[in-house]
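An overview of the molecular structure
The primary structure of each chain is shown beneath.
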Amino acid sequence: EKMVTKKPDLPSYSRASYLRWLKGDAAGALEGMRLAFDAGRSQKDKEPAAWALSQLATYFWHLGDVAGAEAGYDLTLQYAKGYVPAMVGRARVAMARDKPKVAVELLERALSEQPLAETAWLLGDARAAAGDLAGAEAAWAECVRLGRQADPRTLAMFYATKNRDVAQAVTLAKAELDKRPGPYSRDAYAFALLRAGRVTEARDTLAPVLALGLAEPGIKYRAALLALASGEEAKGKKLLAELLAKTPSFDATLAAEARRLIAG
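Read on for an overview of the structure. The residue count restarts for each chain, going from 1 along the sequence in the order it is written. In view of the model being predicted, local features appear only for residues whose pLDDT reaches at least 70, and side-chain atom pairs are presented and counted only at 80 or more, with totals across whole chains, interfaces and linings using the full set of residues. For side-chain calculations, the full set of non-hydrogen atoms in the structure is used, while hydrogens and water are omitted.

**Here's the deal with the packing of helix α15 (residues 233-246) against helix α16 (residues 252-263)**
Worth spelling out the cut-off: Here an axis means a line fitted to C-alpha atoms, over the contact stretch when the element is a helix, while the angle between two N-to-C directions is reported on a 0 to 180 degree scale. Here a strand is any run of E in DSSP of at least two residues, a helix any run of H or I of at least four, and the numbering for each starts at the N terminus. Roughly parallel covers angles under 35 degrees, roughly antiparallel covers those over 145, roughly perpendicular covers 65 to 115, and oblique covers all other angles. In this scheme the handedness of a crossing depends on how the near helix is turned from the far one: anticlockwise by less than a right angle means left-handed, clockwise means right-handed. Here a residue-residue contact requires only that any non-hydrogen atoms of the pair lie within 4.5 Å. Three categories are distinguished: nonpolar for Ala, Val, Leu, Ile, Met, Phe, Trp, Tyr, Cys and Pro, charged for Asp, Glu, Lys and Arg, and polar for the others, with Gly belonging to the last.
Relative orientation of the contacting elements α15 and α16 amounts to 140°, with a least axis distance of 10 Å. It follows from the interaxial angle that α15 and α16 lie oblique. Relative to α16, α15 is oriented so that their crossing is left-handed. Seen from α15, the contacting residues are Lys237, Leu240, Ala241 and Leu244; seen from α16, they are Ala255, Ala258, Arg259, Leu261 and Ile262. Grouping the amino acids of the contact of α15 with α16 by side-chain chemistry returns seven nonpolar, no polar and two charged.

What follows is the structure, encoded as structure tokens:
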């Protein structure tokens, strides 16, 4: 707050926005990122303001406002043509709109311009939804390659989400938590522990993250899984139903798993 008062610019507004998001203040985070974009939109270098606007759209996505996210990503691409994070976000929206082929096109371009593990993961999901299973496997293999190379936390989340290579997910996530402690590393480690059946450890790891009140649907999903694994079936299914009602397209794999868990 002192920084924003002293120097109200894009870096200070965006940092204040992120801190508010981490504290569960979604409205404050949205307002802060709007101010960040407005403060930087006239700069010659468009990347910082494009990042702020794309991040604002991602906040809307996490909150289940697909139309708001779509508008934000589209505006970002109008402001900074070809901005990769906005293309990835726009692909998520296309998947939510049941347009996987549009998502594939966007993600293939994004991956070629900025090869990231998460983008390869999403491309695999989009190809699978479009019926290209061989292409999906190739993209997921690329996710594994890129994750091993530079992004172990995303790779751990990929393994945990797909419920495969669980022991490796635990190892990767624990090393990342030791190296880069924080709520998202804790979330990844807790998810891997849950998949490994280490419920007590998962609960202790995830508790500080849940206490923050973060709005990400993935974190809420982990809370629901934890409830189910702890024998709180009614609570777990209620959390899953609420999650699907608000953000039905947050992740193709986990949304399908949530529906199976509710029905089971």
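**Examining the nonpolar core**
Going by this rule: Take the buried Ala, Val, Leu, Ile, Met, Phe, Trp, Tyr and Cys residues and link them wherever side-chain atoms come within 4.5 Å; each set so joined is a nonpolar core. The cut-offs for exposure are 20% and 50% of the maximum accessible area for each residue type, with area from a 1.4 Å probe on protein chains only; residues under the lower value are buried, those over the upper are exposed, and the others partly exposed.
If you look at the biggest cluster of nonpolar residues, it comprises 87 residues, and the most contacted ones within it are Trp21, Tyr73, Leu107, Phe158, Tyr159, Tyr221 and Phe250. For this core, the element with the highest residue contribution is helix α4 (residues 47-62), accounting for nine residues. If we skip the residues at most four places from it in the chain, tyrosine 73 touches Ser54, Ala57, Thr58, Trp61, Pro85, Ala86, Gly89, Arg90 and Val93.

**Section: the side chain of lysine 237**
Applied cut-off: Contacts described as polar in this section are N or O atom pairs within 3.5 Å, which, within protein, must combine one atom able to donate a hydrogen with one able to accept it, while residues neighboring in sequence count only if both atoms come from side chains.
As for its placement among the helices and strands, lysine 237 is situated in helix α15. Of the polar contacts made by the side chain of lysine 237, one reaches the backbone oxygen of isoleucine 262; its length is 3.4 Å.

**A closer look at unusual backbone geometry**
Within the chain, asparagine 163 stands out as a residue other than glycine whose phi angle is a positive 55°. Unlike most non-glycine residues, aspartate 165 shows phi in positive territory, near 50°. With respect to the helices, strands and loops of the structure, aspartate 165 is situated in the loop between α10 (152-162) and α11 (166-179).

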